Amino acid sequence: EVEQKTGTTSNNGNVTPLEARTVPSERALTIWRSADAVCFDVDCTITVNDGLDLLAEFMGVKEEVEALTNKAMDGTMSLTRSLEERLNLINCSPDDIRRFIKAYPPQSRLAPGIKELINALQKRGVAVYLISGGFRELLLPIAAHLGIPKDRVFANRMHWQWDDETGMPTKLGSDAKQQQVGFDTSEPTARNQGKPEAIARIRENNPYNTVVMIGDGITDLEAVQTSGGADLFIGSGVVVEREAVVAEAEWYVYDYKALVSALSRYKVAVLGSGAWACAAVRMIAQNTSQDDPEDEFDDDVRMWVHQGGELVDTINSTHENPAYFPGIPLGPNVIATGNLAEAVADADLLVFCAPHQYIRGICKQLMGKVKPGAAAISLTKGMRVTPEGPELISQIVRRTLGVDCSVLMGGNIAEDVGREQLSEAVIGYYNLEHAQRFKKLFRRPYFRVTLLPDPVGAELCGTLKNIVALGVGMVDGMGMGPNSKAAVIRQGLLEMRDFCQALYPSVRDDTFLECCGVGDLVATCIGGRHRRVAEAWTRSAIESAVAGEGNGAGRSWAELEKELLQGQKLQGVLTSNEVQQILRTRGWESKYPLFTTINRIVNGHLPPHLVVDYLEGAKADIAVDVEEDIVP
Ligand code: NAD
Ligand code: 13P
Ligand code: MG
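(A) Just the sheet that holds strand S11 (residues 266-271), in detail. Strand order in the open sheet made by the eight strands is S13-S12-S11-S14-S15-S18-S19-S20, with mixed pairing throughout. Looking at the sheet topology across the chains shown, the edges are occupied by strand S13 (334-337) and strand S20 (447-452). Sheet twist, expressed as the mean angle between neighbouring strand axes with direction ignored, is 25°. Relative to strand S12 (residues 297-304), S11 runs parallel, the two being bridged by five bridges.

(B) A look at the coordination of the magnesium ion (ligand 3). Looking at the magnesium ion (ligand 3), one finds its protein donor set to be Asp41 (OD), Asp43 (O) and Asp216 (OD), positioned 2.0 Å from the metal centre. Going along the chain, you hit the donors of the magnesium ion (ligand 3) in the pattern D-x1-D-x172-D. With Asp43 in the loop between strand S3 (37-40) and helix H4 (51-58) and Asp216 in the loop between strand S8 (211-215) and helix H11 (218-225), the pair connects residues that are 173 residues apart, well separated along the chain. Accessibility classification places Asp43 together with Asp216 in one group, the buried group.

(C) Inspection of the site of ligand 2 at higher detail. As a structural note, the neighbourhood of ligand 2 is formed by Lys381, Gly410, Gly411, Asn412, Ile413, Lys465, Asp520, Thr524, Gly528, Arg529 and His530. Gly410 places a main-chain nitrogen or oxygen 3.0 Å from an oxygen atom of ligand 2. One of the side-chain nitrogen or oxygen atoms of Lys465 is found 2.7 Å away from an oxygen atom of ligand 2. Protein chains shield 91% of the accessible area of ligand 2, which is 300 Å² for the free molecule. Of all the elements in the fold, those that place two or more residues in the shell around ligand 2 are helix H23 (515-527) and helix H24 (529-546). Class assignment for the residues of the shell around ligand 2 results in one nonpolar, six polar and four charged.

(D) Summary view of the packing of aromatic side chains. If you walk through the whole model with that rule in mind, you get 13 aromatic pairs. Both rings, one in Tyr129 and one in Phe154, keep their centres 6.3 Å apart while their planes meet at 50°; by these two values the pair is tilted. Residue Tyr129 is located in strand S4 (residues 127-135), and its partner Phe154 is located in strand S5 (residues 153-156); the two are separated by 25 residues in the primary sequence. When its relative accessible area of 18% is taken as the criterion, Phe154 is described as buried. Ring geometry for Trp537 and Trp557: centres 4.6 Å apart, planes at 10°, overall stacked. Pair noted here: Trp537 is in helix H24 and Trp557 is in helix H25 (residues 557-565), with a separation of 20 residues, a long-range link. Residue Trp537 is classed as buried on the basis of its relative accessible area of 5%.

(E) Summary view of the sheet that holds strand S9 (residues 232-236). Read across the sheet, six strands follow the order S5-S4-S3-S8-S9-S10 without closing on themselves; strand pairing throughout is parallel. Of all the strands in the sheet, the pair left with one neighbour each is S5 and strand S10 (251-253). Sheet twist, expressed as the average angle between the axes of neighbouring strands with direction ignored, equals 20°. Against the sheet, helix H10 (residues 194-205) engages S3, S4, S5 and S8, with an angle of about 145° to S4.

(F) Molecular detail of helix H27 (residues 593-602). Among the 10 residues that make up H27, 10 are buried, leaving the element largely enclosed by the rest of the structure. Against the buried residues of H27 lie helix H21 (455-477), helix H22 (482-503), H24, H25, helix H26 (572-586) and helix H28 (614-619). At the exit of H27 stands Gly604, carrying a positive phi of roughly 80°.

(G) Here's a closer look at the site of ligand 1. Taken together, 24 residues lie near ligand 1, and Gln307, Asn412, Ala414, Arg529 and Gln571 sit nearest. For ligand 1, an oxygen atom lies 3.3 Å from a polar atom in the side chain of Ser273. A distance of 2.9 Å separates an oxygen atom of ligand 1 from a polar atom in the backbone of Lys381. When isolated, ligand 1 has an accessible area of 830 Å², and the protein chains bury 90% of it. Tallied by class, the residues present in the shell around ligand 1 amount to 12 nonpolar, nine polar and three charged.

(H) Geometry of the packing of H22 against H23. Relative orientation of the contacting elements H22 and H23 amounts to 140°, with a least axis distance of 11 Å. Classed by the angle they form, the pair H22 and H23 counts as oblique. The crossing of H22 and H23 is right-handed. The segment H22 lies against H23, with Ile489, Leu493 and Met496 engaging Val518, Leu521 and Cys525. Here the residues of the contact of H22 with H23 sort into six nonpolar, no polar and no charged.

(I) Spotlight on helix H20 (residues 432-442). Taken together, the buried positions of H20 are occupied by His434, Ala435, Arg437, Phe438, Leu441 and Phe442. One side of H20 holds all its buried residues, which, seen down the axis, span an arc of 160°. Taking the backbone nitrogen of Glu433 as reference, a side-chain oxygen 3.0 Å away marks Asn431 as the first, capping residue of H20.

Conventions we followed
- Residues numbered from 1 in each chain as written.
- Chains lettered and ligands numbered in written order.
- Predicted model: local features only at pLDDT ≥ 70, side-chain atom pairs only at ≥ 80, totals over all residues.
- Heavy atoms only, no water.
- Pairing = 2+ DSSP bridges.
- Helix = DSSP H or I, 4+ residues; strand = E, 2+ residues; numbered from the N terminus.
- Axes fitted to C-alpha atoms, helices over the stretch in contact; angles between N-to-C directions.
- Donors = N, O, S within 2.8 Å, 3.2 Å for Na, K, Ca; no water.
- Buried < 20%, exposed > 50% of the residue type's maximum accessible area, 1.4 Å probe, protein only.
- Near = heavy atom within 4 Å.
- Polar contact = N/O pair within 3.5 Å; in protein donor to acceptor, adjacent residues only side chain to side chain.
- Areas by Shrake-Rupley, 256 points an atom, 1.4 Å probe, with all protein chains shown as cover.
- Nonpolar A, V, L, I, M, F, W, Y, C, P; charged D, E, K, R; others polar.
- Phe/Tyr/Trp six-rings, centres within 6.5 Å; stacked < 30°, edge-to-face > 60°.
- Contact = heavy atoms within 4.5 Å.
- Parallel < 35°, antiparallel > 145°, perpendicular 65-115°, else oblique.
- Left-handed = near helix turned anticlockwise from the far one by under 90°.
- Arc of directions from axis to C-beta.

In structure tokens form, the structure reads like this:
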């Protein structure tokens, strides 16, 4: 034992210390991280004991059988012969096996950390196989416990003698037809060199590029010593340490946690650095830096900052964004960059959170730079309207970059989320697996995330509520109270629903009662930027009307946006114009009297007080100029 731990002499006479091999080589790490399939030995790799030895003990022939097991593991007796001799000694019936499994259920036999390792692999979509020189009958309950399908279990099958009277299996078979042995020797696992043969079969039937074998024994090590076998063997000393295996393994571990922490992690990039992007990156950074063995995310989160330069340096040195999110730490693991391509390089998860009018430009710059297979999520509220019709932000991402794109929507005033006040969001998704991954990325004790299979409804709610919030700000600007605001909110919600379902009939009624519907609408109408700017705009419009100037003669939206939001963006005015373009071209203006009236007020065609008289506002026969520059 002492000698093993000091190291081994390789062909060129150099000693490789064992400690060096518990740290994986660059080659081993690359293979491990890109494995499509990982094959595990079972006895003394997955379980703390050898199944056949334990069965022998159960049947009262422990010592005799153990000696034969060790001979096979050390390579001093052929596997086939050792198996034959052991089965003959054990000589059990199917009923004995049933009693045995009851006495030793899978959970009582698992090696420490193996379940977490297998879970972590399966979560990443890596196929897990069991390849064992033991018996299928003993393995299937373990496979079921670990969530490994039966067709991924390679092992020997026992032969039974069938009772002529009952037609039931009784004792292990041992007649001439069965070659005097109690098992099927045609399975590759019945022989030495059986494991690489089993792997070759797995490769034949699956398009795997990279296969790894993990085990404690010499027969496991053979998996890499034969062509067509595994690309990497990882020796396990978690249960027992075997001299020959320690000497030859390219990577040797005493704790499965080492394998979990060496697995690849999803890299995250956030595109945007405004208020909401900062609140979002803060939650993400809290989640990715957790000390959790099952954590699937790379600690570092990259954040693209449009301004680049000095702001990037400030964020990286102070871990705060003083321009858009002052006083709230983002996390030391947030790495800002002004370079879009650098932000997304190697990223597996892309979080889009820039004002909607810039998303198309960002996507154009990203074409050909995004990792194939990456998944995106959009936090942006807004849409684009082209002569061909409307296009959602998530659709722009999907179309230009060819990646799946979910959306995260809810009543989420950025500063309140930054202060860790209870907030709710939904993830609207097409791909459930991606949505579940994003949920893990965002959820916090103060940020509740649920999944909603209505991505279009969720995204459109988030977009349209900005128009209603402008209306509520107008009501505030006129000094009117909660009853009038409630009336505008209620009508707004109805028009949101009708508009969504008119454009996309698949949008569900329930979505409007979710946090992305009524939740977001209420939050924005109480505390959002649109309400605030619209209130100031309305006051100014009323003052200028009193002074005898015409509608729209007060301060401009752009001026107030600059003054009140200091760099943050007001998207509702753009959105109102975009939505109105759709209403106008489809002849729907009278069906959406609140949206239409708000749009006419926003553009100075009607006085603000008509917001509470929207049926009148929508009737008014005004020749509204179609703005040419509203297609962002
Ligand atoms: P923001 O409104 O604060 O906008 C400022 C950001 O826009 C800055 O990062 C700035 O660098 C960037 N920007 C300015 N010019 C740009 C350009 N030409 N190209 C690219 N980026 C440019 O940003 P935000 O609050 O993070 O909002 C992003 C999205 O999230 C919006 O769609 C918004 O509606 C939505 N949202 C915001 C909140 C909130 O409370 N702020 C909450 C939920 C959703
Ligand atoms: P405002 O853009 O009106 O601030 O609303 C933010 C938001 O979308 C809250 O969910
Ligand atoms: Mg073993």
